[in-house]
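Secondary and tertiary structure notes
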Amino acid sequence: MPVIDEIVKHIKETTFEDIPQETVEKQKDLLIDTIGVALGGAKAPGVREVINLLKGMGGKKEATILVDGGKVPSVHAAMANSLMAHSLDFDDMHEKAGIHANVSVIPTALAMAESVGGVDGKTFLTAIILGVDLVCRMGLAIPLSRGWHATTTFGIFGAAASSSKILGLNEEKMANALGIAYCQSSGNRQGRLEGVLTKRLQPALASKAGLFSSLLASQGITGPREIFEGDWGMLRLYGDPQYSRKKEKIIESLTRDLGKTFLGDQLSIKPFPSCKATHTSIDAVLNLLKQNRIRPE
């Protein structure tokens, strides 16, 4: 049985009542944090230009662009809001996995929920928690080759999972949504090396594509099932070519304690408004200031 079937069954059958209260409270904090950093990023370079472009495309007014207030198709709202949330690199972090987990999931869930209408808070939070858990599991379990941008590469799957949950897809269509997401899973670090705007754009593209994947699946479009373990699945194509020696261990870690442990609990909200890679240096300087009589001059 493809591993995706076990994951999809878990996502489909999990209810709000199955999730520990501490996980729910942690996700509420992460939801507030993500919206907060999105508001902070609303005026970052590149954001207004993308919003203007998306609004200029027209289409059904399904979901709201934060701060701007305009309504656009759900896929465009997901993209715009995700771009805001990642534009300043202030969003949450899973240190061990090296990923920002909520940035592609929450904007997608917001857009899908508004588009569908009538979605209550329990359903909304459940969808986010499950999507974030999947992103973190992939980040911890799957060894990508150098150069991939894991936040984007894995984020699309969390976006597809959360939007499929809100859309109420059955297990077959949800598996198709994740398979369609795999066909679009991308993201690289070259833009980060060159300091260009695609660094902040990539999670937004994952958010948009994840939502679109669930919409395509809802219309009967099919996707591959062995997206992890197949001959050209992610483990072999995106990671170690010798994955066959590690496949069983990777698959086991991907589904370990599924439904018992929710890995979004391991995410941290940044204490300083900057990329997490700078935080050790900031801490070191602050400690030096406390321990020594260092004056600005």
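Each remark here, short or long, concerns the structure printed above.
The sections below set out a description of the structure shown in this document. Predicted model, so just to flag it, every value in this text is computed and none were measured. (Residues numbered from 1 in each chain as written. Predicted model: local features only at pLDDT ≥ 70, side-chain atom pairs only at ≥ 80, totals over all residues. Heavy atoms only, no water.)

This brings us to the nonpolar core. Nonpolar side chains tend to gather and get buried jointly when the protein is soluble and globular. Counting 80 residues, the largest nonpolar core has Met-138, Ile-142, Phe-157, Leu-178 and Phe-228 as the members making the most contacts within it. It is helix 6 (residues 121-141) that provides the largest number of residues to this core, a total of 12 residues. Phe-228 has contacts with Val-3, Ile-4, Ile-7, Met-138, Ile-142, Gly-233, Met-234, Leu-235, Ile-251 and Leu-254, leaving out every residue within four places of it along the chain. (Core = buried A, V, L, I, M, F, W, Y, C linked by side-chain atoms within 4.5 Å. Buried < 20%, exposed > 50% of the residue type's maximum accessible area, 1.4 Å probe, protein only. Helix = DSSP H or I, 4+ residues; strand = E, 2+ residues; numbered from the N terminus. Contact = heavy atoms within 4.5 Å.)

Following the criterion strictly, the structure yields 14 salt bridges and no others. Between Lys-55 and Asp-68 there is a salt bridge, and its shortest N-O distance comes to 3.1 Å. In this pair, Lys-55 sits in helix 3 (residues 47-56) while Asp-68 sits in the loop between strand 1 (63-64) and strand 2 (71-72), placing the two residues 13 residues apart along the sequence. Looking at Lys-55, the relative accessible area reads 37%, which means it is partly exposed. With a relative accessible area of 23%, Asp-68 lands in the partly exposed category. (Salt bridge = Lys/Arg side-chain N within 4 Å of Asp/Glu carboxyl O.)

It is worth spelling out the packing of aromatic side chains at this point. Where two aromatic rings form a pair, the distance of their centres and the angle of their planes describe that pair. Within this structure, the stated rule accounts for 3 aromatic pairs. Ring centres 4.3 Å apart and planes at 5 degrees place the aromatic pair Trp-148 and Tyr-238 in the stacked group. Here Trp-148 is found in the loop between helix 6 and helix 7 (150-167), whereas its partner Tyr-238 is found in the loop between helix 11 (234-237) and helix 12 (247-255), with 90 residues between them in sequence. Judged by relative accessible area, Trp-148 falls into the partly exposed class, the value being 23%. For Tyr-238, a relative accessible area of 8% gives the class buried. (Phe/Tyr/Trp six-rings, centres within 6.5 Å; stacked < 30°, edge-to-face > 60°.)

Let us look at the packing of helix 3 against helix 4 (residues 74-86). Running from amino to carboxyl end, helix 3 crosses helix 4 at an angle of 175 degrees, the nearest separation of the two axes being 10 Å. The orientation of helix 3 relative to helix 4 falls into the category roughly antiparallel. Each of Val-47, Val-50, Ile-51 and Leu-54 in helix 3 lies in contact with helix 4, whose residues at this interface are His-76, Met-79, Ala-80, Leu-83 and Met-84. Grouping the constituent residues of the contact of helix 3 with helix 4 by class yields 8 nonpolar, 1 polar and no charged. (Axes fitted to C-alpha atoms, helices over the stretch in contact; angles between N-to-C directions. Parallel < 35°, antiparallel > 145°, perpendicular 65-115°, else oblique. Nonpolar A, V, L, I, M, F, W, Y, C, P; charged D, E, K, R; others polar.)

The periodicity of an α-helix, 3.6 residues per turn, causes residues three or four places apart in sequence to face the same way. Along helix 1 (residues 3-13), the residues that are buried comprise Val-3, Ile-4, Asp-5, Ile-7, Val-8, His-10 and Ile-11. Contact partners of the buried residues in helix 1: helix 6, helix 7, helix 8 (171-182) and helix 12.

Here we take up the packing of helix 6 against helix 7. Running from N to C, helix 6 and helix 7 cross one another at 155 degrees; their axes reach a closest spacing of 8 Å. If you check the angle between helix 6 and helix 7, you find them roughly antiparallel. The two elements helix 6 and helix 7 cross, and the hand of that crossing is right-handed. Here Phe-124, Thr-126, Ala-127, Ile-128, Leu-130, Gly-131, Leu-134, Val-135, Met-138 and Gly-139 of helix 6 come into contact with helix 7, specifically with Phe-154, Gly-155, Phe-157, Gly-158, Ala-161, Ser-162, Lys-165 and Ile-166. The residue inventory of the contact of helix 6 with helix 7, partitioned by class, reads 11 nonpolar, 6 polar and 1 charged. (Left-handed = near helix turned anticlockwise from the far one by under 90°.)

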